[in-house]
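Reading the structure
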Amino acid sequence: MLNLHQAKTHLVRSLALVAFCIGSASVGSANAGDLTVEVKGVGDKGNVMVALYKQTDQWMRRATGGSQMLPAKKDSMTLTFKDLPEGEYAVSLFVDENINGKLDSNAIGIPTEPFAFSNDASGNFGPPTFEQAKFAVTKDAKTIVINIK
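Summary of the structure given here. None of the values given here were measured: they were computed from a predicted structure.

What counts and how
Residues numbered from 1 in each chain as written. Predicted model: local features only at pLDDT ≥ 70, side-chain atom pairs only at ≥ 80, totals over all residues. Heavy atoms only, no water. Helix = DSSP H or I, 4+ residues; strand = E, 2+ residues; numbered from the N terminus. Buried < 20%, exposed > 50% of the residue type's maximum accessible area, 1.4 Å probe, protein only. Salt bridge = Lys/Arg side-chain N within 4 Å of Asp/Glu carboxyl O. Pairing = 2+ DSSP bridges. Axes fitted to C-alpha atoms, helices over the stretch in contact; angles between N-to-C directions. Phe/Tyr/Trp six-rings, centres within 6.5 Å; stacked < 30°, edge-to-face > 60°. Polar contact = N/O pair within 3.5 Å; in protein donor to acceptor, adjacent residues only side chain to side chain. Contact = heavy atoms within 4.5 Å.

Brief notes about the environment of G43
Checked against the element boundaries, G43 lands in the loop between β1 (32-42) and β2 (47-53). Judged by its relative accessible area of 33%, G43 falls in the partly exposed class. Considered as a pair, G43 and K73 are 30 residues apart in the sequence and their alpha carbons are 6.5 Å apart.

Set out below in structure tokens:
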């Protein structure tokens with residue numbers, strides 16, 4: 001079992017991987033739908049790093065559904081993932097306020113930059129599970145709202 005420091009460190013490292021997933025290839029399908037993500041509570045500095053996960057075995061490792069990086073826009077912003085195959089997905093994101101490409105943390109591993117997950121999920125001593133953050137995408141357009149913590 002992880003102690004609090006190890007769990008927080010794992011969370012920081014996992015979320016930081018989002019920065020390295022930018023530029024993932026888009027995925028097309030005959031049964032494709034668009035996903036719009038509305039992010040609330042964003043500040044006005046830095047970049048918002050968003051990762052979309054399609055597979056539970058890649059959760060917090062590799063953004064199998066795609067990723068985006070957008071300049072932060074105060075209060076609320078939206079982004080869209082186009083032509084997603086039907087299935088279950090989950091989103092993780094963080095605000096890279098100092099634009100250094102990673103989620104910063106304090107000396108004991110607690111994130112010092114804002115972060116969030118789909119369903120506003122939160123884990124105990126680390127990130128939530130894919131099951132806690134997942135939602136369904138169908139051929140119809142879908143919008144989800146994520147609140148920055």
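A few points about the pattern of salt bridges
On inspection of all chains with the given rule, the structure shows 4 salt bridges. One salt bridge connects E88 with K134, and the closest N-O pair in it is separated by 3.2 Å. Of this pair, E88 sits in strand β5 (residues 87-96) while K134 sits in the loop between α2 (130-133) and β7 (135-137), placing them 46 residues apart in sequence. Three or more residues are tied together by salt bridges with common partners; here these are E88, E131 and K134.

What about the sheet that holds strand β4 (residues 75-85)?
With respect to topology, 3 strands assemble into an open sheet ordered β4-β1-β8, the strand pairing being mixed. Among the strands making up the open sheet, the edge pair consists of β4 and β8 (142-147). Geometrically, the sheet is characterised by an average inter-axis angle of 20 degrees between neighbouring strands, direction not taken into account. With 6 bridges connecting them, β1 and β8 associate as parallel partners. Residue L35 lies in a different strand from β8, and its bridge partner there is K142.

Comments concerning the packing of aromatic side chains
Overall, the coordinates contain 4 aromatic pairs when judged by the stated rule. Note on Y53 and W59: the rings are 4.9 Å apart at their centroids and 75 degrees apart in plane angle, and the pair reads as edge-to-face. With respect to class, Y53 is no different from W59; both count as buried. Here F115 and F117 contribute two aromatic rings whose centre-to-centre distance is 6.2 Å and whose plane-to-plane angle is 70 degrees, an arrangement assigned as edge-to-face.

Remarks on unusual backbone geometry
Phi at I99 is positive, roughly 50 degrees, even though this residue is not glycine. Along the chain, the position of I99 falls in the loop between β5 and β6 (115-117). Despite not being glycine, D120 has its phi angle at roughly 50 degrees, a positive value. Within the secondary structure, D120 sits in the loop between β6 and α2.

Examining the environment of N147
With respect to the helices, strands and loops of the structure, N147 is situated in strand β8. At 2.8 Å, the side chain of N147 forms a polar contact with the side chain of D120.

Some thoughts on the side chain of N47
Note on placement: N47 falls in strand β2. The residues contacting N47, other than those within four sequence positions of it, are M69, L70, P71, A72, F94, V95, D96 and I99.

All quantities given are derived from atomic positions and should not be read as evidence of function.
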